Amino acid sequence: MNDFLAPERVPDPCVLVIFGASGDLTRRKLLPAVWHLSRQGRLPDAFALVGVARTQMSTEEFRRRLRESLNEFVQLGEADAQRVDDFLERVDYVSGDPADDETYDQLRKKLSSIDERLGTSSNRCYYCSVPPQVFLDIVRQLGNTGLAAEDDGWVRIIVEKPFGHDLESARSLNRSLHLVFREHQIFRIDHYLGKETVQNILVFRLANSMFEPLWNRRYVDHVQITAAESVGVEHRAGYYDTSGALRDMIQNHLMQVMCVVAMEPPSTFDAESVRVEKLKVLKAVRPFSVGKVDQIAVRAQYEDGEDADGKPCPGYLQEEDVPAGSRTETFAAVEFTIDNWRWQGVPFYVRTGKRMARRTSTITLQFKQPPHLIFSGGDNLRPSTLTIRIQPEEGISLAFSGKRPGPDVQLDTVDMDFCYADHFGGRSPEAYETLILDCLIGDGTLFASSDWIEKSWGLLMPILEAWSAASATQMPSYPAGSWGPTEARALFDRDWRSWEEAVAE
Ligand code: BG6
């Protein structure tokens, strides 16, 4: 099996405690991630996993459920049977309400006995896979009961999104966390940063000397970042309807990706240097004003339509648990302007939507046209583009002009393509695998800092305010299975710009 993780990175002996252990995220993502780490020998010999949840069940029952989840979500080989048994031996369970003292008494006893039995040296990582209201109870209780104290070993906490609903709530969450934990102990997960393709952006830019010289206003006309999903809201309307596309995808995942594309090269590849550079990008983003939001942002909701296979799809308002008359956007597009020397005059267009024609997440740098074209018939020449495919078909392609074979000089656009699967084969680690391992090692490079989170919310507040004030007006719509509302085209104020064709094919 190909293995892309650096071999020397193995965490200290430790216990991973998952709050919300009976939930869907644990079954689908966290458990498979921890299993793969264990399977590849990336976990220390002294490692244990403790699940905490309200559901009353024994450790045996919890292990039985985890075994079922592994069978469902992981491709197990015949040789894995004994390994699964050994892995589950390291698993324990505590049932209890996250607000009750009793839960933490039990947890403390469990952790002490694991320390004695396995030698996990009081090193703990708490993973909060719970809704934000519950998360505050956990932080408070870990503080009150001394379980957050770093007396004998290290203590870290992983926090899931959504991190806040607006600037005020994000600040308040940060304040509550900082009462108990110091910033270097807090790991705010953004699973996009754990994706191989997103991590590769920096390698691509900074481990080659040929692209970085082009990475600026002199050569780049504009940048497009797209995260299109073919699925609708699925069974998550309870959460999604209070969020919408701007909060759900742009405030976190896509603004993080924008920062990785736009940041200056840090002097070293470590958490602090990378975070400083990403924050500088947000500080350079030109603030929006509530009165001009229509010029830089578009939102819309999907109506009924058909998916790529011609199967009918309901509109957002007909989906399970969506409140009647909801005005939540399922599509959002924003034009960001970055006021610094590198990017002055190069717009960053960011869009995301559910129930779009196809699942695809891409970053495209469109280059400027040559200053003077000496070949005739080149008026419709497509500009050169560099496209990073985040998912699926992970890879990078460069589209440029070439001469068609023949006696006349006829130009055509040709592609050079790098595809991860073809080149590397094997299985790339899932984002959660990389992120959990990084946290157990104490490497915060791929996590969001408190000031980045507050800055990103701060930038989006005028859009949120304008949209909430405009709630009485008509919400633009787009048919399910399409590329979004026609209104999104209005963001381009230059004739030659349009949403990337390759994405829409
Ligand atoms: C989550 C959002 O953070 O990211 C979901 O809450 C979205 O609404 C998901 O579907 C997309 O993640 P991915 O990895 O499938 O692009």
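See the structure shown above.
Cut-offs applied
- Residues numbered from 1 in each chain as written.
- Predicted model: local features only at pLDDT ≥ 70, side-chain atom pairs only at ≥ 80, totals over all residues.
- Heavy atoms only, no water.
- Near = heavy atom within 4 Å.
- Polar contact = N/O pair within 3.5 Å; in protein donor to acceptor, adjacent residues only side chain to side chain.
- Areas by Shrake-Rupley, 256 points an atom, 1.4 Å probe, with all protein chains shown as cover.
- Nonpolar A, V, L, I, M, F, W, Y, C, P; charged D, E, K, R; others polar.
- Phe/Tyr/Trp six-rings, centres within 6.5 Å; stacked < 30°, edge-to-face > 60°.
- Helix = DSSP H or I, 4+ residues; strand = E, 2+ residues; numbered from the N terminus.
- Buried < 20%, exposed > 50% of the residue type's maximum accessible area, 1.4 Å probe, protein only.
- Patch = residues over 30% accessible without salt bridge, like charges linked within 9 Å, V, L, I, M, F, W, Y side chains within 5 Å.
- Salt bridge = Lys/Arg side-chain N within 4 Å of Asp/Glu carboxyl O.
- Lys, Arg positive; Asp, Glu negative; His and termini not counted.
- Charge placed at Lys NZ, Arg CZ, Asp CG, Glu CD.
- Pairing = 2+ DSSP bridges.
- Axes fitted to C-alpha atoms, helices over the stretch in contact; angles between N-to-C directions.
- Contact = heavy atoms within 4.5 Å.

Draft legend 1. Broad picture of the site of the ligand. Contacts to the ligand come from Lys161, His191, Tyr192, Lys195, Glu229, Arg236, Asp248, Met249, His253, Lys354, Arg359 and Gln391. One nitrogen or oxygen atom from the side chain of Asp248 is found 2.6 Å from an oxygen atom belonging to the ligand. The fraction of the free accessible surface of the ligand (400 Å²) that becomes covered by protein chains is 81%. Here the shell around the ligand is composed, by residue class, of 2 nonpolar, 3 polar and 7 charged.

Draft legend 2. Quick look at the packing of aromatic side chains. For the structure shown, the criterion picks out 19 aromatic pairs. Pairing Phe19 with Tyr126 gives two aromatic rings, centres 6.2 Å apart and planes at 45°, and the pair type is tilted. One end of the pair, Phe19, is in strand β1 (residues 14-19); the other, Tyr126, is in strand β4 (residues 124-128), and 107 residues separate them in sequence. Phe19 gets classed as buried once you look at its relative accessible area, which sits at 2%. Relative accessible area serves as the criterion here: at 0%, Tyr126 is assigned to the buried category. In this structure an aromatic cluster arises from ring pairing among Tyr240, Tyr302, Tyr316, Phe331 and Tyr478.

Draft legend 3. Summary view of a negative patch on the surface. Negative charge collects at one region of the surface, where Asp100, Asp101, Glu102 and Asp105 lie side by side. By secondary structure assignment, the location of Asp100 is in the loop between β3 (91-95) and α4 (101-118). Judged by its relative accessible area of 39%, Asp100 falls in the partly exposed class.

Draft legend 4. The sheet that holds strand β11 (residues 331-336), seen in detail. Strand order in the open sheet formed by 9 strands is β16-β15-β14-β13-β7-β12-β11-β8-β17, and the pairing between neighbours is mixed. Looking at which strands have only one partner, the edges of the open sheet turn out to be β16 (411-419) and β17 (477-479). Between one strand axis and the next, the sheet turns through 20° on average, direction left out of account. The pairing of strand β15 (residues 395-403) with β16 spans 9 bridges and is antiparallel. Bridged to Leu398 within β16 is Met416. In this fold helix α7 (residues 196-206) packs onto β13 (360-367), β14 (385-391) and β15, with an angle of close to 145° to the strand it touches most, β14. The strands touched by helix α14 (residues 450-469) are β8 (297-303) and β11; relative to β8, the strand with the most contacts, the crossing angle is about 50°.

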